[in-house]
Amino acid sequence: MEIVALLASLMGLAFVSGWRLYGTVLALGLGIRVGVIRLDPAMSRLEVLGDPLVIAVAGLIYVVEFVADKEIGRAHV
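All values reported here derive from a predicted model rather than from experimental measurement.

K.L.:
Quick question: what am I supposed to make of the overall build of the protein here?
P.N.:
A count of helices and strands for the protein gives three helices and zero strands. The order of helices and strands in the protein, counted from the N terminus, is α-α-α. Counting only residues that meet the buried cut, the protein has 18% of its 77 residues in that class. Counted over contacts in the protein with a minimum sequence separation of 6, partners at least 24 positions apart contribute 50%.

Spelled out as structure tokens, the structure:
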């Protein structure tokens with residue numbers, strides 16, 4: 001049963017990361033940092049996402065990606 005929970009978590013993360021990778025990393029990192037998300041021991045390597053440096057870089061890249069996406073969309077209109 002443990003493997004099913006792990007696979008479900010990974011499938012959910014993979015689905016969400018298809019939208020915006022850095023937004024997903026940012027959301028997971030913040031959730032881990034504030035304690036909203038508790039990781040399964042099998043996924044303990046993802047705890048690095050809660051590091052303040054990782055959160056800051058993911059947030060910065062997310063903003064850059066968001067602005068670039070809006071600018072490219074405006075240029076084609």
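The rest of the description comes next.
K.L.:
What am I meant to see in helix α2 (residues 21-34) here?
P.N.:
Every α-helix winds through 3.6 residues per turn, so residues three or four apart in the chain are directed the same way. A rise of 1.5 Å per residue sets the reference length of α2, with its 14 residues, at 20 Å; its end C-alpha atoms lie 20 Å apart and thus fit the reference within 8%. Those residues of α2 that fall on the buried side of the exposure criterion are Gly23, Thr24, Leu26, Leu28, Gly29, Gly31 and Ile32. Positioned one or two residues after α2, glycine 35 has a phi angle of 90 degrees, which is positive.

K.L.:
Any chance you could explain a nonpolar patch on the surface here in plain terms?
P.N.:
A surface patch of nonpolar side chains, amounting to about 630 Å² of accessible area, comprises Leu21, Tyr22, Leu53, Val57, Leu60, Ile61 and Val64. Secondary-structure elements contributing two or more residues to the nonpolar patch are α2 and α3 (52-75). Broken down by element, the residue count for the nonpolar patch peaks at five residues, all from α3. Along the chain, isoleucine 61 turns up in helix α3.

K.L.:
Could you clarify how one ought to interpret the environment of leucine 30 in this entry?
P.N.:
Looking at the secondary structure, you find leucine 30 in helix α2. The exposure class of leucine 30 is partly exposed, given its relative accessible area of 41%. Sequence separation of leucine 30 and isoleucine 55 is 25 residues, and the distance between their C-alpha atoms is 6.9 Å.

Rules and cut-offs
- Residues numbered from 1 in each chain as written.
- Predicted model: local features only at pLDDT ≥ 70, side-chain atom pairs only at ≥ 80, totals over all residues.
- Heavy atoms only, no water.
- Helix = DSSP H or I, 4+ residues; strand = E, 2+ residues; numbered from the N terminus.
- Buried < 20%, exposed > 50% of the residue type's maximum accessible area, 1.4 Å probe, protein only.
- Contact = heavy atoms within 4.5 Å.
- Expected span 1.5 Å × (residues − 1).
- Patch = residues over 30% accessible without salt bridge, like charges linked within 9 Å, V, L, I, M, F, W, Y side chains within 5 Å.
- Areas by Shrake-Rupley, 256 points an atom, 1.4 Å probe, with all protein chains shown as cover.
- Salt bridge = Lys/Arg side-chain N within 4 Å of Asp/Glu carboxyl O.

It is worth stressing that arrangement in space is one thing and function is another; only the former is reported here.
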